[in-house]
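Secondary and tertiary structure notes
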Amino acid sequence: MASIWEYANPVKFIRTSEMVLPWVSILATITLVVGLVWGFFFTPDDYRQGATVKIIYLHVPAALMAINVWFMMLVTSLIWLVRRHHVSALAAKAAAPVGIIMTVIALITGAIWGQPMWGTWWAWDPRLTSFLILFLFYLGYIALWEAIDNPDTAADLTSVLCLVGSVFAILSRYAVNFWNQGLHQGASLSLDKKENVADVFSTPLYICMVGFGLLFIALVFLRTRTEIHKRRTKALLARERLG
C-alpha cells in the first residue's frame, strides 16, 4: 500500500491529480447543478423569511468552505514546517485564493440574507466580525506569498500566519456557541431537530455542500499543479542564467 507521503513528490502528485481531476470536476458540476437548481426552483418559500431563505444554498456551503479551507491550509502548513514537503506548501498557497472567494461569497450573501431580516446590511455580530477578520487573514496570507521572493522563506512565514489565523477560523465556526448575543442565527444544520433547518430545505443544502467541497478539491488540484509547474519553470530559468 502506497504511503501518503509519496504524494509529496511533485511528479507523483502531478500524475495522480491528472487522473483524479476530471472525475472530481464532473462530480462537482453535477452536484452543484442539482443542488442549486433543486434549492432555488423546487423548494417552497419560508413562512417567515420568504424567498430570501434560498440564499442558504450559497451562504452556508460558502461559509463552511471558507472555514474548512483555512483548516486545510493549517494542516498542509504544519506538514511543511515539520517535514519540508514542497507540495504541501504549494497546496496551501493554491487553496488561499479559493478560500478568500468563499469568504467573500459568505459575507455578501450573508448581508443580502440579513438585510430584510435584521433591517441592516452589516452588524458587528461576533460571527460576522470573526468572518471579516478571517477575510483579512486570507488577504494577508496571499500578500505575504507575493511579497517574498524566496519561496521557502515565504512558505515558513505564511505557515506561521496560518497558525495565528486558525484562532479566527475557530471563532468563525463557533462564535454563536461562544457568545449568545448578536443578530446571527444559530447553526442552520444541527442534530437538534428543533434547531435544524426543515427537511424540505436540508436535502438540497447537503447536496450543495458536497458540490462546494468537490469544487474546492478540483480547484486545489488544478492550482497546485499550476504552482508546481511555475516553480519548475523558475528553477529552469535560474539554471539557464547560471549556465
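For the structure, see preceding data.
Below, the structure is looked at part by part.

Conventions used here
- Residues numbered from 1 in each chain as written.
- Predicted model: local features only at pLDDT ≥ 70, side-chain atom pairs only at ≥ 80, totals over all residues.
- Heavy atoms only, no water.
- Helix = DSSP H or I, 4+ residues; strand = E, 2+ residues; numbered from the N terminus.
- Buried < 20%, exposed > 50% of the residue type's maximum accessible area, 1.4 Å probe, protein only.
- Contact = heavy atoms within 4.5 Å.
- Polar contact = N/O pair within 3.5 Å; in protein donor to acceptor, adjacent residues only side chain to side chain.
- Salt bridge = Lys/Arg side-chain N within 4 Å of Asp/Glu carboxyl O.

Check the secondary structure of the chain and you find six helices and zero strands. Reading the chain from its N end, one meets helices and strands in the order α-α-α-α-α-α. Counting all 243 residues of the chain, 42% fall into the buried class. Considering only intrachain contacts with a sequence separation of at least 6, the fraction spanning at least 24 residues in the chain is 76%.

Positionally, Ser159 belongs in helix 5 (residues 151-178). At a separation of 2.6 Å, a polar atom in the side chain of Ser159 contacts the main-chain carbonyl oxygen of Ala155. Residues in contact with Ser159, not counting those within four places in the same chain, are Ser77, Trp80 and Leu81.

Next up on the list: the pattern of salt bridges. Pairs may arise between side chains of opposite charge once their charged atoms sit close together. A complete count under the given rule lists four salt bridges for this structure. Taking the shortest distance from any N to any O, the salt bridge between Lys54 and Asp45 comes out at 3.8 Å. Look at Asp45 and you get partly exposed, because its relative accessible area is 47%. A salt bridge links Asp156 to Arg84; the shortest N-O distance between them is 2.8 Å. Taken together, the residues Asp156 in helix 5 and Arg84 in the loop between helix 2 (56-83) and helix 3 (86-118) connect sequence positions 72 residues apart. Residue classification places Asp156 among the partly exposed residues on the basis of a relative accessible area of 24%. Accessibility expressed as a relative area gives 36% for Arg84, which makes it partly exposed.

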